[in-house]
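Examining the three-dimensional arrangement
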Amino acid sequence: MSLFEELTWRGFIHQVTHNDLAERLETQSFTAYVGFDPTADSLHIGHLLPVIGLMRLQRFGHRPIALVGGGTGMIGDPSFKSEERRLLSSEDIDRNAAGVRAQLERFLDFSGPRGALLLNNLEWLGELRLIDFLRDIGKLFSVNVMMARESVKQRLENRDQGISFTEFTYSLLQAYDFLHLCQTHDCRIQMGGSDQWGNIVAGMDLTRRLENKDTYGITFPLLEKSDGTKFGKTEAGAVWLDPKRTSPYKFYQFWINQADADTSRLLRLFTFLSREEVEGLDGELREAPEKRTAQRRLAEEVTRLVHGDDALNQAVHASQAMFGGSLSGLDDATLEDIFSEVPSSDVPRDALSANRLLLDVLVESAVVKSKGEGKRLVQNGGLYLNNERVTQEDARLSADSLCGERIAVIRSGKKNYHLLRFVG
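A short tour of the structure in this document, coming up. (Residues numbered from 1 in each chain as written. Predicted model: local features only at pLDDT ≥ 70, side-chain atom pairs only at ≥ 80, totals over all residues. Heavy atoms only, no water.)

Brief notes about the overall build of the chain
Scanning the chain for helices and strands turns up 20 helices and 13 strands. Each of the three principal axes of the chain carries a C-alpha extent, and together these read 85 × 45 × 45 Å. The proportion of buried residues among the 424 residues of the chain is 52%. In the chain, the proportion of contacts linking residues at least 24 apart, taken out of those at least 6 apart, comes to 73%. Roughly 20700 Å² of accessible area belongs to the chain as shown, and the carbon and sulfur atoms make up 47% of that amount. (Helix = DSSP H or I, 4+ residues; strand = E, 2+ residues; numbered from the N terminus. Buried < 20%, exposed > 50% of the residue type's maximum accessible area, 1.4 Å probe, protein only. Contact = heavy atoms within 4.5 Å. Areas by Shrake-Rupley, 256 points an atom, 1.4 Å probe, with all protein chains shown as cover.)

Considerations on the pattern of salt bridges
Between side chains of opposite charge, a pair can form as their charged atoms come close. Under the definition given, this model contains 25 salt bridges. Put simply, R188 and D186 hold a salt bridge, and the shortest N to O gap is 2.8 Å. With a shortest N-O distance of 2.5 Å, R356 and E364 are connected by a salt bridge. For E364, a relative accessible area of 55% translates into the label exposed. Where salt bridges share partners, they join E277, R297, E301, R304 and D309 into one cluster. (Salt bridge = Lys/Arg side-chain N within 4 Å of Asp/Glu carboxyl O.)

A word on the packing of aromatic side chains
All chains considered together, the criterion is met by 11 aromatic pairs. For the ring pair F12 and F220, a centre distance of 5.7 Å and an interplane angle of 80° mean the geometry is edge-to-face. Of this pair, F12 sits in the loop between α1 (3-10) and β1 (15-16) while F220 sits in strand β6 (residues 216-220), placing them 208 residues apart in sequence. Each member of the pair, F12 together with F220, is buried. Between the aromatic rings of F254 and W255, the centroid separation amounts to 5.3 Å while the plane-to-plane angle is 85°, which identifies the pairing as edge-to-face. One aromatic cluster in this structure is built from F231, F251, F254, W255 and F270. Over the ring of F272 we find R59, and its NZ or CZ is 3.9 Å from the ring centre. (Phe/Tyr/Trp six-rings, centres within 6.5 Å; stacked < 30°, edge-to-face > 60°. Lys NZ or Arg CZ within 6 Å of the ring centre and 35° of its normal.)

Considering the environment of L330
Counting through the fold element by element, L330 comes out in the loop between α16 (309-321) and α17 (332-338). The exposure class assigned to L330 is buried, which follows from its relative accessible area of 3%. Spatially, the C-alpha atom of L330 lies 7.8 Å from that of Q314, the residues being 16 residues apart in sequence.

Side note on the pairing of β6
With five of five residues buried, β6 is to be regarded as a mostly interior element. Where burial is concerned, the two faces of β6 agree: the one with Y216, I218 and F220 and the one with G217 and T219 are both buried. Note that β1 and β6 share two bridges and pair antiparallel. Paired with Q15 across the two strands is T219, which belongs to β6. (Pairing = 2+ DSSP bridges.)

Considering the sheet that holds β6
Across the sheet, which stays open at both edges, the six strands sit in the order β1-β6-β5-β2-β3-β4 with mixed pairing between neighbours. Each edge of the sheet is formed by a strand with only one pairing partner; in this case those strands are β1 and β4 (117-120). Contacting β2 (31-36), β3 (63-68) and β4, helix α4 (residues 90-104) runs over the sheet at an angle of about 160° to β3. Here helix α11 (residues 197-211) sits on the sheet in contact with β1, β5 (189-193) and β6, set at roughly 170° to β6. (Axes fitted to C-alpha atoms, helices over the stretch in contact; angles between N-to-C directions.)

Focus: the nonpolar core
Among the nonpolar cores identified, the biggest contains 58 residues, and F36, L104, I189, W255 and F270 are the most heavily contacted of them. With eight residues, helix α3 (residues 45-59) is the single largest residue contributor to this core. Not counting residues within four places of it along the chain, the set of residues in contact with W255 comprises I45, F231, L266, F270, Q295, L298, A299 and V302. Y176, L181, A202 and L206 belong to the second-largest nonpolar core, a separate cluster that totals 28 residues. (Core = buried A, V, L, I, M, F, W, Y, C linked by side-chain atoms within 4.5 Å.)

Digging into the sheet that holds strand β11 (residues 388-389)
With mixed pairing, the five strands of this open sheet are ordered in space as β9-β13-β12-β10-β11. Lying at the two open borders of the sheet, with one neighbouring strand each, are β9 (344-348) and β11. By the bridge criterion, two bridges tie strand β10 (residues 383-385) to β11 in an arrangement that is antiparallel. Its bridge partner being in β11, L385 is matched across the sheet by E388.

A look at the packing of α3 against helix α13 (residues 260-270)
Across the interface, α3 lies against α13 with an axial gap of 9 Å and an inter-helix angle of 50°. Of the possible angle classes, the one that applies to α3 and α13 is oblique. Only R268, L269 and F270 of α13 make contact with α3, whose side of the interface consists of I45, L48, L49, I52 and R56. Here the residues of the contact of α3 with α13 sort into six nonpolar, no polar and two charged. (Parallel < 35°, antiparallel > 145°, perpendicular 65-115°, else oblique. Nonpolar A, V, L, I, M, F, W, Y, C, P; charged D, E, K, R; others polar.)

A short note on the pairing of β4
Because side chains alternate across β4, one face comprises the buried residues L117 and L119, and the other comprises L118 and N120, equally buried. Note: β3 against β4, four bridges, orientation parallel. In the strand pairing of β4, A66 is matched with L118.

Following this line, the structure appears as structure tokens:
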């Protein structure tokens, strides 16, 4: 398939500015960019779609530019936001930009004369002189047109919030980015989410007026789940690409827990599996949804892409632990992550050196109501320490009872877990 056929089949295309762009992508080598404003020190999975868009573009021989918005991030994009953004300090922007930059470097190939570029628009926006910008750029923009854009109109109609002049000028700065990248790197394509359509068209118009060059725009769909809720949000908040914000285990769990109705679409968008592989997984999903083969493959592919093979293997190992698998090799942080929603108790660490009876500690920690109940659990084969069956009623604690540095995992029956932390 051609690049455009590939993007279309996978569901990447929401809008394009020119009907002949598909043909041009086949006959010309383009430079295209996506902007990422550093509103946090990490990207989240909402950014992953445009990142993969750049990756696909590069694999078909085009040159991607990942633009970190160190300048535009100081203003904040008002597009389809219900209220004014909180302005970040320059220190916050610099820190966030460094975090975003480090993540983007993992996804694109920057080697060779046509390798990807990673730029920061603060380099040129920070040098602009206000009077010159208003005379040379501002005079080319119609306020009537800007106010008619749906993304701005919604804010204008909200009398409680409105829109500040600062945010109103954001589209001028993004348009100037397109102009600058066209002038300096012959960048002819801007890509972004569907909420960026107005900003992209503004940049195209500015570049046409000042450079007399043809430029193009592609927007990706904003993702929603089949139930209408926003994709990428959980009860705990956004799903981040930074493993310190969202651990590889929780990242893997997010993908493996996707609904059947969403999985086929996500396989197309977020993995590099071939059409044959995806359609094969579609068939398995229809015929044996209870096996969740498609969800597991989705989780494996995206976790590997974002965190690498080692983190994927650790996440799979951790996931198996919840269903009675081995806990060996898992550190305390991972164990806390896996069992974050189960009851837990703190136990004095000297219980290990004193070789206290396990059942005594379980009674004190309210894992069992009495030693009698604990003994019956042991007799019936229903008590586990670190997913290993306890066979002796007089089993005692020792340093070997830990599966991490300070944690032991108790399981009664098939699903009742309790975490013991040995402290002090």
